[in-house]
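Report on the structure
Read off the chains here:
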Amino acid sequence: MRIAMALMALMLVLGSVSAVGHARKGRWGKAAEVFLPVLGGNLMLFGGVDRHLPPLLWLGILLLIGGLGLDALSLWRAQGTEREPSSR
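Structure report, in brief. (Residues numbered from 1 in each chain as written. Predicted model: local features only at pLDDT ≥ 70, side-chain atom pairs only at ≥ 80, totals over all residues. Heavy atoms only, no water.)

1. Thoughts on a nonpolar patch on the surface
Taken together, the side chains of Ile3, Leu7, Leu10 and Leu14 make up a nonpolar region of the molecular surface, amounting to roughly 440 Å² of accessible area. With respect to the helices and strands, Leu10 occurs in helix 1 (residues 2–24). A residue is classified by how much of its surface remains accessible, and Leu10, at 46% relative accessible area, is partly exposed. (Patch = residues over 30% accessible without salt bridge, like charges linked within 9 Å, V, L, I, M, F, W, Y side chains within 5 Å. Areas by Shrake-Rupley, 256 points an atom, 1.4 Å probe, with all protein chains shown as cover. Salt bridge = Lys/Arg side-chain N within 4 Å of Asp/Glu carboxyl O. Helix = DSSP H or I, 4+ residues; strand = E, 2+ residues; numbered from the N terminus. Buried < 20%, exposed > 50% of the residue type's maximum accessible area, 1.4 Å probe, protein only.)

Pasting the structure below:
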């Protein structure tokens, strides 16, 4: 149990450090992409699975889905800018 808690804390710390680094460079979208899934995963595992608190489980799931959705949106936008305009 202590190993799982230590790994979740490490995941939260590393995700937070990465998000702060992106935010300092002014890339707030990237910071949200990094931090929301990490926070959601921690809430989901610690609150929902370990403590059996359904509100924290659902909040964690929503944050995880929101963060992954932001990541997918930025990937979609990046792929759209790489395409060459079609000549008609």
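Moving on from the coordinates now.
2. Quick look at helix 3 (residues 54–82)
With 29 residues, helix 3 extends 42 Å between its outermost C-alpha atoms, agreeing within 8% with the 42 Å of an ideal straight helix rising 1.5 Å per residue. The set of residues buried in helix 3 consists of Gly60, Leu63 and Gly67. Tucked into the core, helix 3 has its buried residues touching helix 2 (28–50). (Expected span 1.5 Å × (residues − 1). Contact = heavy atoms within 4.5 Å.)

3. Here we look at helix 2
For helix 2, spanning 23 residues, the distance from its first C-alpha to its last is 31 Å, which sits close to the expected 33 Å at 1.5 Å a residue. When we look at burial in helix 2, the residues that qualify are Ala31, Glu33, Val34, Pro37, Val38, Gly40, Gly41, Asn42, Met44, Gly47 and Gly48. Here the buried face of helix 2 lies against helix 1 and helix 3. Two residues or fewer after helix 2 comes His52, characterised by a positive phi angle close to 60°.

4. Considerations on the packing of helix 1 against helix 2
Interaxial distance between helix 1 and helix 2 falls to 8 Å at its minimum, and their mutual angle equals 165°. Accordingly, the angle class assigned to the pair helix 1 and helix 2 is roughly antiparallel. For the pair helix 1 and helix 2, the crossing hand works out as left-handed. Touching Met5, Met8, Met11, Leu12, Gly15, Ser16, Ser18, Ala19, His22 and Ala23 of helix 1 are Trp28, Lys30, Ala31, Val34, Phe35, Val38, Leu39, Gly41, Asn42, Leu45, Phe46 and Asp50, all from helix 2. The residue inventory of the contact of helix 1 with helix 2, partitioned by class, reads 14 nonpolar, six polar and two charged. (Axes fitted to C-alpha atoms, helices over the stretch in contact; angles between N-to-C directions. Parallel < 35°, antiparallel > 145°, perpendicular 65-115°, else oblique. Left-handed = near helix turned anticlockwise from the far one by under 90°. Nonpolar A, V, L, I, M, F, W, Y, C, P; charged D, E, K, R; others polar.)

5. Side note on the side chain of Glu33
Mapped onto the secondary structure, Glu33 falls in helix 2. Classification of Glu33 as buried rests on a relative accessible area of 11%. Separated by 2.9 Å, the side chains of Glu33 and Ser74 make a polar contact. (Polar contact = N/O pair within 3.5 Å; in protein donor to acceptor, adjacent residues only side chain to side chain.)

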